[in-house]
Amino acid sequence: MKRIEGRVKVTGLATYAAEYPVENVTYAYVVQSQIAKGRVKHVDDGQALESPGVLAVLSCEHPPDLAEDADPELALFQRREVAYRGQIVAAVVADTYENARAAAAAVRVDYDPDDHDVSLSADHPGLYRPEVVNPNFPSDTQKGDVEAALADAATTVDVVYETPVLHNNPMEPHAALAYWDAEGRLMVYDTAQGTSPSRATIAKTLGLPPERVRVVSRHVGGGFGSKGTTRPQAVLAALAARQVGRPVKIALTRQQMFDLTGYRTPTIQRVRLGADGEGRLVAVEHMACEQSSTLVEFAEQTATPTRVMYATPNLRTGHRLVRLDVATPSWMRAPGEAPGMYALESAMDELAYAAGLDPVELRVLNDADAEPDGGLPFSSRNLVACLREGARRFGWERRDPVPGIRREGEWLVGTGVASSTYPTRRMACRAVATMRDGDVLVRVAAADIGTGARTALTQIAAGTLGMAPERVHVELGDSDLPKAPVAGGSMGTASWGSAVVRACEELKRDGKEGRADTAGEIEADAKLARHAFGAQFAEVRVSSVTGEVRVARLLGVFAAGRIVDATLARSQFLGGMTMGLGMALMEETVTDEEFGGFLHRDLAQYHVPACADATNLEAYWVEEQDGELNPMGSKGIGEIGIVGTAAAIGNAVHHATGHRFRELPITPAKVLLPRF
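Residues numbered from 1 in each chain as written. Predicted model: local features only at pLDDT ≥ 70, side-chain atom pairs only at ≥ 80, totals over all residues. Heavy atoms only, no water.

Asks: Looking at this structure, I do not really get the packing of aromatic side chains. What am I missing?
Replies: When we look at a pair of aromatic rings, we describe it by the centre distance and by the angle of the planes. In this structure the tally under the stated criterion is 12 aromatic pairs. Residues Y263 and F598 carry aromatic rings whose centres are separated by 5.4 Å and whose planes lie at 75 degrees to one another, so their mutual orientation is edge-to-face. Here F598 lies in the loop between α15 (566-585) and β26 (617-621) and Y263 lies in the loop between α7 (254-260) and β15 (267-275), a separation of 335 residues in the sequence. Of the two residues examined, Y263 and F598, each falls in the buried class. Taking the centre distance of 5.1 Å and the plane angle of 80 degrees together, the rings of F298 and W331 count as edge-to-face. Separated by 33 residues along the polypeptide, F298 in the loop between β16 (281-293) and α8 (306-309) and W331 in the loop between β17 (315-324) and α9 (337-355) bring together distant segments of the chain. We classify W331 as partly exposed; its relative accessible area is 26%. Within the aromatic cluster, the residues linked to one another by ring pairs are F394, W396 and F537. For the cation-ring pair, R381 lies above F533, with the distance from its terminal atom to the ring centre recorded as 4.6 Å. (Phe/Tyr/Trp six-rings, centres within 6.5 Å; stacked < 30°, edge-to-face > 60°. Helix = DSSP H or I, 4+ residues; strand = E, 2+ residues; numbered from the N terminus. Buried < 20%, exposed > 50% of the residue type's maximum accessible area, 1.4 Å probe, protein only. Lys NZ or Arg CZ within 6 Å of the ring centre and 35° of its normal.)

Asks: How do you make sense of the side chain of N169 when you look at a structure like this?
Replies: Among the structural elements, N169 can be located in the loop between β10 (155-163) and β11 (175-180). Look at N169 and you get buried, because its relative accessible area is 15%. Side chain to side chain, N169 and R254 meet in a polar contact 3.1 Å long. Aside from chain neighbours lying at most four places away, what touches N169 is F224, R254, F258, L603 and Y606. (Polar contact = N/O pair within 3.5 Å; in protein donor to acceptor, adjacent residues only side chain to side chain. Contact = heavy atoms within 4.5 Å.)

Asks: How should I be thinking about the sheet that holds β26 in this particular structure?
Replies: Remark on secondary structure: sheet strands pair via backbone hydrogen bonds, oriented parallel or antiparallel. The strand order across the open sheet built from five strands is β18-β19-β24-β25-β26, with neighbouring strands paired in mixed fashion. The sheet is open, and its two edges are formed by β18 (407-408) and β26, each paired on a single side. Where strand β25 (residues 549-559) meets β26, five bridges bridge the pair, whose relative direction is parallel. Bridged to V557 within β26 is Y620. (Pairing = 2+ DSSP bridges.)

Asks: Teacher, can you tell me more about the packing of α9 against helix α16 (residues 645-657) here?
Replies: A pair of packed helices can be characterised by two numbers: the angle between their axes and the separation between those axes. Closest axis-to-axis distance for the α9/α16 pair is 8 Å, and the angle between their directions is 35 degrees. In the crossing of α9 with α16, the sense of the turn from one axis to the other is right-handed. Residues M341, Y342, E345, S346, D349 and Y353 of α9 pack against A646, A647, N651, H654 and H655 of α16. Residues of the contact of α9 with α16, tallied by class, amount to five nonpolar, four polar and two charged. (Axes fitted to C-alpha atoms, helices over the stretch in contact; angles between N-to-C directions. Left-handed = near helix turned anticlockwise from the far one by under 90°. Nonpolar A, V, L, I, M, F, W, Y, C, P; charged D, E, K, R; others polar.)

Asks: Sorry if this is basic, but what is going on with the pattern of salt bridges here?
Replies: It is possible for side chains of opposite charge to pair when their charged atoms get near one another. Counted under the stated rule, the structure contains 42 salt bridges. E350 is the partner of R662 in a salt bridge, and the nearest nitrogen-oxygen pair spans 2.9 Å. Linking R662 in the loop between α16 and α17 (668-672) with E350 in helix α9, this pair joins segments that are 312 residues apart in sequence. Among the residues examined, R662 registers a relative accessible area of 33% and is labelled partly exposed. Classification of E350 as buried rests on a relative accessible area of 11%. Between D517 and R430 there is a salt bridge, with its nearest N and O atoms 3.2 Å apart. Highlighted residues: D517 in strand β23 (residues 513-517) and R430 in strand β20 (residues 430-436), separated in sequence by 87 residues. Residue classification places R430 among the partly exposed positions, given a relative accessible area of 42%. Linked by salt bridges that have partners in common, R185, R214, R218, E475, D478 and D480 make up one network. (Salt bridge = Lys/Arg side-chain N within 4 Å of Asp/Glu carboxyl O.)

Asks: What am I meant to see in the sheet that holds strand β2 (residues 38-44) here?
Replies: Spatial ordering of the open sheet is given by β4-β2-β6, a layout of three strands whose pairing is antiparallel. For this open sheet the edge positions go to β4 (81-82) and β6 (108-113), each flanked by a neighbour on one side alone. Two elements, β2 and β6, share six bridges in a ladder whose sense is antiparallel. Bridging from a neighbouring strand, R39 pairs with D112 of β6.

Here's what the structure looks like:
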């Protein structure tokens, strides 16, 4: 079916957080720290307060009331310590955006700077083993004797891969509009991937009961994880509105987003593989070094996908974290899996060449019957089917395995493959389905972040009720609706859809209304390894003159349970693959080691793929029946498309050039470097 919100979006009628019409609105603009570590000595707001239209200046000189246990990234103006360059140290509220911005430039902040450390390295003395990595996995795991198996292996690979800081960069900037009503209830229009968790966080930060906060986010212009947790602009809007007694709107600039809305941690990953004479893995080790801030421990689960991918009797994974004078990393599409599978799947390609095996056949040979780390049975696993179908569609059998020999004029041509995986989860959710004048209204505090959640939930409800989709109306994006989890972790549709199905089933029995809460059902789920799998195939052309890499073809095949809507699914797969292309070839945020913060701060410097970069993308899926997931039999598809893409492209670049590039992104300068 057509997207329910498609018409309002293409006609400009969809209302986003910064666009709600509110009378007497004012505007806030932030002042950011110019040092990476130290202390604010004094905030001089005198000139700013005398500027035209200025209503207030917020800073640590007069700390607003916040809860003592507020998240340090949200505890605005509570302390004078500076944890990273770009941290909010003050904010100006004025009658217009322009006046607020001008007055913010007039705020003078005196600092007592300290020496900073913003550089991740594999030998950093501050590296330590966190107790857990996100969301709650053990940091390290070990099975068998990895060292002994590597010593006896017929073929070994010992390599290090690096990924840079990456920023989510959704199209819609992070924004919030807040006001307090006459009864003292806070209303926040926020760019949130989940209104229920956003309400809980804002209420906790402000020391309020949740029922005194309402968060609305009807439309979200992309998030990729950066709007999955509450960001400072929502808290700032609430604080400023309380101080000036009027609605306050704040929309972060693209440059401010680089400092204040999270990023993917850089990683340094060492992968060691050992195989016997037939190519079967006898040992796998995957160790990842990454960073977090001094404010919050955020430990990305980089090595966890290795725990579910390939069969081996000896397996070791681990994470080491260092706390630097940087902003806190956060969620970005396929956290853990995107960087982790880049390293693992690149190493598997190197092992295939070292062992003289076809890269597809090596993966098929080492497919796992049960989860390699924990031994849990899979609810379903069709990685081999994806590899076989992808190879058939891609024409893999025509591939000459010898690298660096295919040339068309100045262009070197190569192909590569990598596997994909992403866990399948769902969280407790509530929903209400009500019969109204022959139609059905479904209410759930889900979020549509551009994925088509309204359309998918409408189809799920209509299918359960046995009625035309035109008679089903879905209301979402409001924390006053039945409580729902975040749109993230590829679990939105699975979580919300489960509650919608149960509510509609109850409506069929009752005839008037059905209510559902899936907490008990999910708690009773069988202990199984639930994952989606896929295979990515890439063809690249590398200029021998300029070092430019062009992706001539990118093909993905996925096994993701029942596909709820083919059009929406294809869009998600292709979007993820495009993002993986950017990860492979262009996306990178450079850290300013001298002054702290980031050197890349906008889309002129941080390059993302344009349409001309993604000219021939194909996404397919294999039929997969899995009755151990949820009432729909579906697996999440929002993130698996990015997983493995960078490795497939990197492996193709090696096949084209004969050189390995183990540090992303693979830029022209790096491609040309081996020639000199």
